[in-house]
Structures are given as structure tokens and as C-alpha cells.
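Residues per chain are reported as follows:
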Amino acid sequence: MSEIMVEAKDLVKTYKTGQVEVKALRGVNLTVRKGDMIAIMGPSGCGKTTLLNILSGLDDATSGTVMIEGQDLSQMSDNQKTEHRAKRMGFIFQFYNLLPVLTAIENVEMPLLVSGSSAKEAREQAIEIMRVVGLEEVMHSKPGALSGGERQRTTIARALISKPAIIWGDELTGDLDDETANTIMDLVARLRKETQATFVIVTHNPEVGKRADKILYMRSGQFVREEKNV
Amino acid sequence: METSELILPALMLGIIGFMVILGLFNRVIAKLGIRNFYRHKGHAAISIAGLLVGTSIICASMVVGDSIEYFIVEETYDELQHVDLVVDGQNGALFNYSIFTVLESDGELAALTDGISPLLVESATVRHTGTQQFEPSVSIIGFDPAIDSAFGNFLLEDGSEISGGGMGQREAMINRALADSLGASQSDVLTLTYSLGSYPLTTTVAENITVVRILADEGKARYSPSSGMAMEAYNIFMNLDAVQAMFLQPGMISHVKVSNNGGIEDGAEGSDVTKEEIISATKDLKFQGSEILPVFMPNQTFVQLSHPNIEAGGFSLQVNGMDADPSSYLLNTESGVVVFFEPLQYGGFVSAAYTFSYNIDVSAVKQDGIETAKLLNDLISTFLTIFGSFAIIAGVILIINIFTMLAEERKSELGMARAVGMKRRHLMQSFLFEGLTYGVIASALGTLLGVGVGVMLIYMVNNFIDFINVQLPIHFQMFSLVSAFSLGFIITFGTILLTSWKISKLNIIRAIRGIEEPIGARKNLVMPMLGAMLLAAAAAIYYQYPDELMVKLIAPSGIIAGAAMLLWRWIGNRAAITSASLGVFIYTYYAIHTYFGDMDNENMDILFVFSGVLIVLSIVLLIMYNSGPVIRAITGTVGRVKVWRPTVMTAVSYPLTKKFRTGMSVGMFALVVYMIVMLSVFSNMFVIDVDEETLKQGGGFEIIADVQYQVPDLANAVDPLTNTVITSQALASNVSSYTNIMWTYSPKLNNTDATASAMDLGEFGDMLGGAQILGIDGTFYTGSSFAFSNTMDEFATDQEVWASVTAPGSRDVVISYIYSMLLGIEPGSRITLDNLLGVTSQEFRVVGTLDNSLNQIMGVFMSKENLAQTFQFPMMPSELNRNVFMFNLNDGYDAEATAKALEKDFAAVGMNSIIIREVAEITLETTSSIFVLFELYLDMGLVVGVAGLGIITIRSVVERTPEIGILRSIGFRRGNVRNAFLIEILFVATMGVIIGVVTGVMISYEIYNTMVSGFGGDIEFVIPWFKIAYVTAIAYLATIICTIIPARNASRVSPAEALHYIG
């Protein structure tokens, strides 16, 4: 049995909009082991992205605990969580979320620079990972000049450059056509194999879900079903 | 109110009316726009804060201008009271009382006026017989209490009023200021000393008068028609016949006061009609004159009659009782001088009988005062507007920035709106309705804020600056507020209109998906077409009006920019903007260098603003589109510190990518800094050291004093009353050296150099046609340091120049700078001067022109010998044949005490002194007060710039919230995010400061070279680095304070929310 990467217990998240309280998560429990690829699926508004944000430390739960690599997120300061994100986590978003004012390679090297790597070292690694994702030709272009698939590959490169232990994906193929989505998922699969990283992916797309080791179905802020892929 | 002043309010109402009608026909669009306004109340409030600055600056300048106008108008009313017009004789000549009688009995004038009163105003030295305090020059105003009561009563200090009737022949009323100066109370006796007759038959008399009343310094007691409006008047009021008797002027008066129908304020309105009627009633009045003139001098060949304007017909002349042959003399009818072809018999007499008329002047004094106030209001408002224009333009740039950011935030929803069928014009209209709401609210609030700022400025001027020793009232006209609102609204709405047009052109798909506009998309033809139109229009205007300075300055820039826009599609963004901005910068710099010397141009204020804006903005664009490699190198250097690299990289990449928007922010800041630097440079130029100024104004002498009589030898000056030599302890002990200067006046200075380029001064030039003549000797220049602006090359030193002037038989003169500038006289030029008889001198050679700063003693400096030979003649009025003294003090003696002691010792000859250091201090105080007022006003511009950067940061945080989420998700700490925003805004501020300082210094230097250095003197170009550094430091500090909060807020944005933020 491999070690536990993510362990969430009784996660509750409540949003307040004026006088109205919305319970986005209603006591979610989850365990993700090292090297696993978990897909979380469910209808819009079921709490998938909220769960991902809380698991990754981007947001705080109203109650419950999240342990990442044995460390309780709630006990970490904002700076500790940020540092943890920079060094141990990678993010892939549906709308790429690249910084439009930086070139593709500058976007990719940014996590390394934030973690304290030298400019030279960061650039070398960024070039290498850009080559891995097949973007060496366009790495000096700004996101505005890239296609959707190229942007998502840039996002993946950025997510992987700091060799994170865990990668969070939020609808990572949501904005792509089927063919490009397949290419991206092939790339993810290859990189997962090479890096042994843990992937937690939120998706609507059953094809993406099929690529995961396990699919967790959510409804109204709770897991309602679990499905293992063979 | 003039029709042109109604254009702005009419245009404002027209726009609002049009938009209301448009809204009625497009209710959904109107609703959309207006709802967009208040969907994010916080954001709307920030936008309004940015939009209202232009209006508040305009309004503040109007409030300050109105207050100054109000102050002068109120002072005019307060001092003149019911006096609307004053009739007096030309050059102070007295005239017959019957002129008053004619005016009083004129039926048409009676219908126009409610008061006409005759006055005889003379001048005398006054000494208190008890305290021995004295005043060297006081107005003695003779009036008829019964007639003068039509102008209201005198006020006493207990609030009661008196007409002044019932005074005896040697009784007088004095005003409070004079009483305080003399230490006088009611019933005290004062001695008046004054001269009678003409040179050389002048006699000095002394009369004692008793003070019967001390008058409050209000209303009638403050006004003397001979001195006009004065901050501190010394007036003695006596019966008209008493003054006529004392000064031996029976039946003569010097002024007639006239009050139009109506009150103190509305009376001035009818002045033009009254003036015409007075002129019409007096123009044909003829008087009979007869007199006997003794012949005083051997070989005397002329006599001067008591009156000018002699009628040739009916003139009769007798010499020693015998009718003179008309072929033996020549009569100058204009001046009243009779020149004989043979010398007259010494000790004989000439008698003449003739008809003459008076040269009467009529001044609409109150109307003139009000017009002066309006003129000053216009002047101050124009200056403030010129300086404020840069801040207003900065405000316009801020509006463009704000609306562009608003559009960026809403890009996807705008795309959606277009996708569901909204046309471009609908999009534009929705923005316009939103803009209308912003415009109305921001202009209204801006007007209110402007009133507040104007009030604050006046409060600061009154309480922290000794602004020309006055306390300004706070006053503004409602129409000024309407104008400020209208102008602010039009600027705001106009800017929004253009921005909306640009926004409406968005690409639907890219807008919906939040995709950046592709770089290098050059397919559309709009830009080249606009470029072709601009080029053609600018070229046509240049061709049509090639001599207009405005066209010469601006049209070529239009041609350059048009050509770049035309070629933009083919040469690309960077090349087009680089070539256009470089071309405009170089040309504008050349135009300032070449054309700014033309001071006559009435559009100089507009040119100043335009050229400044063109210079600053062109250099901003040039740098923004070409600074990438340099900035990256700097970033690379700073970024060597690992911790800072990602932060600096992120901070700088945004400005470098969004070049136009960043350029606007940089330009906004640079414009304000540019104007502040220019004002600092110029204020530094004109506000200089007191010691230096004292030396310049006095040439090394410390006190300057004039006397009322001819005093050829001060050490042996004779008291004209007692005929005894005056002894002065102050002169003996306090004074180390002094010079005695002979003083007279020439009514006409002629430059005989036909090629001289004199300045066209219009009516002002006629007034300055004459010149003071100063007769000097070696004591004037030995040991002193009167600086020259220019001398003839043949002289190696200044002393040689002076020595040439005072050499026996020399015809060399030195002139003050003002004559050089106004009449185009240069060293080497030849001049002639008319004496008071109208006789033109032989030519003098000008060997040097004095420094502009020497303004305590100005005129044509010549040897005493020349002055005596050319300008002195018998019967010369004593007030035009006097002496001026300049004193140097022994070490340890106080100038003020010595000046007072000298005045006291030489009171018998009417000595009146000026301490040169005090004059220098007042000059500097006044100059610096005005500059401080401008600087205070300009600091508002700095507030605009700083607040603008703060507002831009706040909006940037909103706009870039998703990016903050990304940064936080990939490991940016809160501090990194905050620092990235701070560095970005400091980067913008630094660029603005550098560009503003460099261009400000460059253009100041050009303006100094083309306009200021020509004033002469040694006005030096010195860059006030300390002041610039100080202002820059404040700007930086304020920028950090204004941006730290939004930057901190940015760092606190929840990354999860930020990633899914929709504006």
C-alpha cells in the first residue's frame, strides 16, 4: 500500500450570500494515495471545484481537516501553504489561466523562480519541459498568440516544472475539442507515468474520467458513488 | 455676461437633452447603461473620483480668480464710494473753477449724475509740532463741504458721520493712518511745508493747521484723486478756499469728482455716457489769460506762458511795455513757449494776453477699477488654467484609462451582448448612458470639490503666505460654477464618447472567451484612412495659414502623425509609433526653439500648453515602444536577487505589454511633473537671494532718497523756511559716502537709429515716450557696482564706461534697460531728448545699457554738465528740477533708523527715502507669493497624478483579479503580489518622473533662451534640483500611500475566488 498523499475528513464549506447560506460541501471524506489519479465528476454546482480549492489550500474549509503529505493545511500559515503549493503542487485549469503579459516560457518558469531557483536554472528546466510538451517552437510567444491546445500544454508544463508531488486539474480539457482533449490526456498519462505524480482532476468529461484510477461522483456537496477503472 | 460665455452651458444642456431623448427611444439600452453604473457601487465611486478631478481643477481656478476680482472690486467700491469719474488737467495741471461751474450747470449732465464736486489737491510735507513726527508727502485735499456732501459723509471712528462743514481757514481733518504716523490727536497743530512759484523763483512756506477731526480710514477719507487707490493713504481735508489761498491758487482747482446716478455699485455703469457728456461740455471752453513774465537771465531768448494750448488768433505780446513785432518771435501754441530771435533785455519783462483752452482728462475711475479687477481675474485664471491644463489633460487621460479598464473588465459580457444581437451602436450608446451618469455626477461633485479646493487655496494664501499683504475674501459667482460644471461635463463626456467608440469595435469571440487581441493584426484600413485624413487636413491648414504661429507649431506634427498612421498597416505598430513620436518630438522642440521668441502672439498660452503636451506625450510613446530591451536589462539586474526576480518580472511585464495604457498612465504623471518642474525652474529664476537683489537694485548703495527742491550740496543744504544750513547728525556719522544725482524729465526720447527694432507697445508706448534724466558725477560709480547688460566694445571695464559719461564735454550717456528694450536702443545708438520746452537736444551716444534689475533709479544717465546745459531753464517747475541721493552706511548702522533720521533732518527740503533692502524684500515676497500660489494650485495637479495612479491600481486589482489567483496558485505569497503591484506602479511613476523632469528642464531651458534671457540682466538658468527632488520624493511617498491599500487588497484576494472571478 502506497503512502497517503491527501486525506480529507468531514469537509464542510458554507458560502454566505447576503442572508442566504449555501452549503457547497456537506462532510466530504477522501483519501488519495501517492501516484493515484482520481477523477471527481458530477453536475455543475455539486461542489467539485470547491473541494479542489480546499484540498489544494487555495481556499479554507468551514470545518473538517485536510492533510497533505501528512501536514494539516489548517495548521499552516498562508505563506506556508503558498510555499507548499509552489514546491509540491501543480495546477491545470480549464481556461488555462496563463499570465497574458508573460511569454509561454516565462509563465512556465515562474513557479521555479518563486521557489528560489536561479534564473538560469529556471530557464533551462523550462526549456526542457517545453520540449517535453512539444512547445519548443512557440515558447517565446505570449498566450494570446497560442491555440487552445498549446495554451493547455503550457499550463501542464507550468504545473509540472517544479516536479510536484500532486497536480490538481480543474476541467483541464473543458475548453478543448475532443481531438485536442485526447492529445492532452495522452500527454497527462505519459507525464504521470514519467513523474509518478498524483493527479486529482475535476471533470465533466467521462472520457477524461476513464483515464483515472478511480472516479468519485459528487452530488449536492457529497460523494455519492465511487467507480474504479481497471 | 457675453454670448460666448453661454456656449459651454448650452452645449452641456444640448448633450444632456439629446441623451434623454435618445434614452426615451432606446429604453432598454438606457436602462442597461444606467444599471451598469451602479452595479458595483464601490467601483463606480472610484471611477467618479477619477473623473471629477478635471472639473475640480477648472472650478478651483475660477473660484480663485473670482475671489481676486471680488477683492479688487470691493476695494474699488470701498475707496471710491460714490466717485465714478474724475476730471483733471493733463500732467497734473490746475484748471479754472469755472469748468466745474460749466459742468454743474450742464442740463444733460445733471440728468446723468447725482453729484459733482470740485477739489484742489496739493502736496506738502507735514510735521507734528508736538511729537515732531513728520510725513514727507501728504495730500492736502481742498473741498467744498456743501457740494461734496453729494458724495456722502466722512466717517468718524465712533461710527458717526460728518460732512466736514464749519471748518475754519486753518483747520483740517486728517485720516487715521496719518494721525497714527504723526502721533496726532484732535486739536493738535501740524505744520505744512510746501513750495510756491517756479524755478528759480521758488519760495518755501510753512503754515500751521489745527486738527479738528480724525477720520476713520473708510470711504471718503481714504481717497485722494491725485494718488488714486492706495493701500495706505495720508490725507488732510480742508476747505477748498483755504487750500486755494494757502497755495496761492485762487479760483483754481485740480479735480472734479463726478457721481453717476445710482448707488456705489451700479453707478459705474453709466460712466461712458457721462464721460462723453463731460468731454462735450468742456471741449470748446476758452479762457482769457494775461501775464507779466520777468526776464531773469542774461541773453535769455524765451519765456514760457502759464498755459499751453494758446490760440494763435488774438495773441498779443509786449516787451518792456512795447508791442513786439510778430516777426521777432515764434509762439509754440501747444506748449506756450515764446522764442525770441534776439536776446531779451536782462531784468526787463514780457507781457502777454491770449486765449487758451485747458487739456482736460476724464477718467472713469470706478469702471477702470472694475475692469482692472476683471483683467486681473482673467490673468490669474489664465495662468492657473495654463498650469492647470496639464493636470486637466492628465485628468482626461485618467478618464480614458478608467473607461478602457471598465471595458476590459466587462469584455466577455460585452461580447455576449453583441452575440445576442446588440449592435455596435447599441454598445456605444449603453456606454454613453453610463458615461452620461458618470459625467453628471462627477461634474457636480467635481464642482463642489473645486469650490472646496479654491477655498482651501485662498485660506492657505491668507494664512500661510504673505500674499502681497492682503487678505483675499472667498467669493465665487454662480455662473463660474455652471461654467466649471459644463466644461468638466463636456470634457468627461467627450472623452467617454471617443473611448466608447473604440470599445464598441470589439471582436465578439475574443471578447467572450477573454482572448487577447492578436498581436500584429493589421488588416483593417481604418487607421490608414484616418492617417490620410489627418495628413491631408494638417497639410491643407499649413498651406492655407503658413504664417500663423499656432499652425506652424501644430500642423507639421499632424502631418508627421498622419503619415505614420497612413503607413502603420505596412510598417507595423512599433515603427509607426516610434517614427511618429520621434518626428513630433523633434519638430515641436525645433518649433519652441524657433517660434517662442515671438512674444506678441496672443495664443501664447495655448501654444505653451500644446507644445508641452506634444513634447511630453511624444517622448512617453517613444520610450514606451522602445524601452523593452533596456527595461529587461534593468529587470535582469534587479532580478539577480532571486527573491525579487519573479516579483519584478511580473511587475514590469504588464506595463511593457500594455504599452498604450501604461503610456497613458506614464503620460498622465509626466505631464504633471513636467509643469511642476517648469514652474520650479522659473520661480527659481525669478525668486533669488535678497542680498543679491539688494546689490542689484542699489548698485551697492543702501538708501535712496529724493527731495522736493533743488539741493546741489546736501552737506550744506539750506532750510528754505529759515534760510539756515541744515545740520544732520545722521549724515555726518551714519553715512560713509553718498552721491548727489540731478533729476529732471524729458517728455520725449528719440532713437535716431532708423534700423532699431523697437517693441510695439501701442498706447502704452505713448505713455512711455519720455524719460527721466539723471545727472551724475564720479561719486555715483566710484566704489559702486551698477551692473550693465551691454556696453560698447571699446570699453574694457564698467568704470571706463562711466568715466566716458562724466568726462568734461562728453556727449555719452548710459540708459536703463527698459529704454533699450522698449525703443530698441543698443550701445552705439544715438538718441536725442526733448527738454520740457519742447526743444530737441543734440545727439547723445549710448555707451551702455544697464541691468534690468536696477529699477530703483531708471533713466538716461549723463554728466551733470550735460543735464544743466540741456534741460534746465528759467521758470522750470520745481517738482521737475530736483535731486536724488544714494547713501552708503558705515558698518554697524541700521538702514531703517538712518533713513528715518535723514528724513527727519532733511524734512525741510522734503526728503523721502527708500531702503533698498526693503524694496528687494518686498519684490521677492511679492514674486514668491505669486509663484507659491501657482505652486499650491499645481500641487493639485500632483494630487491628480498620484490619485490617478491610486485609482488605476485599484482598477487594476479588479481587472487582474484572476491573474492574482494564478499567481497565488503557483506560489506567489501575499507579499509578492503586493510588491508586484507596488513595483509596477512605481515603475510607471518613475517613468513619469524621469520623462517629466527631463522634458521640463529641456523646455524650460529653451523658453529661457528664447524668451527670458532676452530680458537682460543676469537672470540665470539654474535647475532647482533640491526642489525637484523634494517634490519628486513627496510624489513617490504619496504614490506609495495611495497604492499600498489597493496593492494590499490585491494580496488578500482569495486565490480560489480570484481564479473564478467575473467582474
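For the structure, see preceding data.
Residues numbered from 1 in each chain as written. Chains lettered and ligands numbered in written order. Predicted model: local features only at pLDDT ≥ 70, side-chain atom pairs only at ≥ 80, totals over all residues.

Asks: I tried to follow the overall build of chain A on my own but got confused; where do I start?
Replies: Of regular secondary structure, chain A possesses 7 helices and 10 strands. In chain A, buried positions account for 52% of the 230 residues. Counted over contacts in chain A with a minimum sequence separation of 6, partners at least 24 positions apart contribute 71%. (Helix = DSSP H or I, 4+ residues; strand = E, 2+ residues; numbered from the N terminus. Buried ≥ 20, exposed ≤ 12 C-beta atoms within 10 Å, placed from the backbone. Contact = placed C-beta atoms within 7 Å.)

Asks: Whenever I open this one, the packing of helix 17 (residues 573–595) of chain B against helix 18 (residues 604–624) of chain B confuses me. Can you help?
Replies: Residues and elements named next belong to chain B. Running from N to C, helix 17 and helix 18 point in directions that differ by 150°, and their axes come no closer than 8 Å. When the axes of helix 17 and helix 18 are compared, the crossing they make is left-handed. Here helix 17 contributes I577, T578, S581, L582, V584, F585, T588, Y589, A591 and I592 to the contact with helix 18, which in turn contributes S611, L614, I615, S618, I619, L621 and L622. Of the residues that constitute the contact of helix 17 with helix 18, the class distribution is 12 nonpolar, 5 polar and no charged. (Axes fitted to C-alpha atoms, helices over the stretch in contact; angles between N-to-C directions. Left-handed = near helix turned anticlockwise from the far one by under 90°. Nonpolar A, V, L, I, M, F, W, Y, C, P; charged D, E, K, R; others polar.)

Asks: How should I be thinking about the interface of chain A and chain B in this particular structure?
Replies: How big an interface is tends to be stated in terms of accessible area lost as the parts join. Of the residues lining the interface, 29 residues belong to chain A; the matching set on chain B comes to 26 residues. Those elements giving two or more residues to the side of chain A that touches chain B turn out to be helix 2 (78–88), strand 6 (89–93) and helix 3 (104–114) of chain A. Looking at the side of chain A that touches chain B element by element, the count peaks at 6 residues for helix 2 of chain A. A breakdown of the residues in the side of chain A that touches chain B according to their chemical character gives 15 nonpolar, 8 polar and 6 charged.

Asks: I keep staring at helix 10 (residues 365–409) of chain B and nothing clicks. Help me out?
Replies: For an α-helix, the turn length of 3.6 residues means that residues three or four places apart are oriented alike. Over its 45 residues, helix 10 of chain B extends 62 Å from the first C-alpha to the last, a length consistent with the 66 Å expected when each residue adds 1.5 Å. The sharpest bend along helix 10 of chain B measures roughly 40° and falls at G388 of chain B. (Expected span 1.5 Å × (residues − 1). Bend = angle between axes of the 7 residues up to and from the residue.)

Asks: When you look at the nonpolar core in this model, what are you seeing that I'm missing?
Replies: Side chains of nonpolar character tend, in soluble globular proteins, to be buried together. By size, the foremost hydrophobic cluster in this structure holds 226 residues, and its most contacted members are V200 of chain A together with V620, L671, V672 and M675 of chain B. Ranked by the residues each element gives to this core, the list is headed by helix 10 of chain B, at 17 residues. Non-local contacts of L671 of chain B, meaning those with residues more than four positions away in its chain, are made with F390, I393, A394, V613 and V616 of chain B. With 118 residues, the next largest nonpolar core counts F143, F154, L190 and A771 of chain B among its residues. (Core = buried A, V, L, I, M, F, W, Y, C linked by C-beta atoms within 7 Å.)

Asks: Just to check I follow, could you spell out unusual backbone geometry for this structure?
Replies: Residues and elements named next belong to chain B. Phi at N320 takes a positive value of approximately 50°, unusual for a residue other than glycine. Tracing the sequence through the fold places N320 in the loop between strand 15 (316–319) and strand 16 (322–323). Positive phi, normally seen in glycine, also occurs at N723, with a value near 60°. Looking at where N723 falls in the secondary structure, it is placed in the loop between strand 21 (703–706) and helix 23 (729–733).

Asks: Please clarify how the sheet that holds strand 17 (residues 329–332) of chain B should be interpreted in this entry.
Replies: Pairing between sheet strands relies on hydrogen bonds along the backbone, with the strands arranged either parallel or antiparallel. Residue and element names in this part refer to chain B. If you trace the 3 strands from one edge of the open sheet to the other, you get 14-18-17, paired in antiparallel fashion. A single partner strand is all that each edge strand has here, and the edge strands are strand 14 (302–304) and strand 17. Mean inter-strand twist for the sheet, computed between neighbouring axes without regard to direction, equals 15°. Pairing of strand 14 with strand 18 (residues 337–340), which is carried by 3 bridges, proceeds in the antiparallel orientation. Each bridged residue has a counterpart across the sheet, and for V303 the counterpart in strand 18 is V338. (Pairing = 2+ DSSP bridges.)

Asks: Which parts of the structure should I look at to understand the environment of D78 of chain A?
Replies: Residues and elements named next belong to chain A. Structurally, D78 can be placed in helix 2. According to the C-beta neighbour criterion, D78 is partly exposed, with 16 such atoms within 10 Å. C-alpha of D78 to C-alpha of G57: the two residues are 21 residues apart in sequence and 8.9 Å apart in space.

Asks: Sorry, what's going on with the packing of helix 5 (residues 148–160) of chain A against helix 6 (residues 178–195) of chain A here?
Replies: Relative orientation and spacing of two packed helices are given, respectively, by the angle between their axes and the distance between those axes. All names here are of chain A. The N-to-C vectors of helix 5 and helix 6 enclose an angle of 15°; their axes lie 10 Å apart at closest approach. Between helix 5 and helix 6, the angle falls in the class roughly parallel. For the pair helix 5 and helix 6, the sense of crossing is right-handed. Together, G148, G149, Q152, R153, I156 and L160 of helix 5 and T180, T183, I184, L187, V188, L191 and T195 of helix 6 make up the contact between the two elements. Residues that form the contact of helix 5 with helix 6 fall into these classes: 6 nonpolar, 6 polar and 1 charged. (Parallel < 35°, antiparallel > 145°, perpendicular 65-115°, else oblique.)

Asks: Is there a simple way to think about the sheet that holds strand 6 of chain A in this case?
Replies: All names here are of chain A. Strand order across the open sheet formed by 6 strands is 6-7-8-3-9-10, with mixed pairing between neighbours. Each of the sheet's edge strands pairs with one partner strand only, and the pair in question is strand 6 and strand 10 (222–228). Averaged over neighbouring strand pairs, the angle between their axes works out to 20° when direction is ignored. In this structure, strand 6 lies alongside strand 7 (residues 166–170), joined through 5 bridges in parallel fashion. Across the sheet, the residue bridging to G90 is I167, located in strand 7. Most of the contacts of helix 1 (residues 48–56) go to strand 8 (residues 198–203), to which it runs at about 155°, and overall it touches strand 3 (37–41), strand 6, strand 7, strand 8 and strand 9 (214–219).

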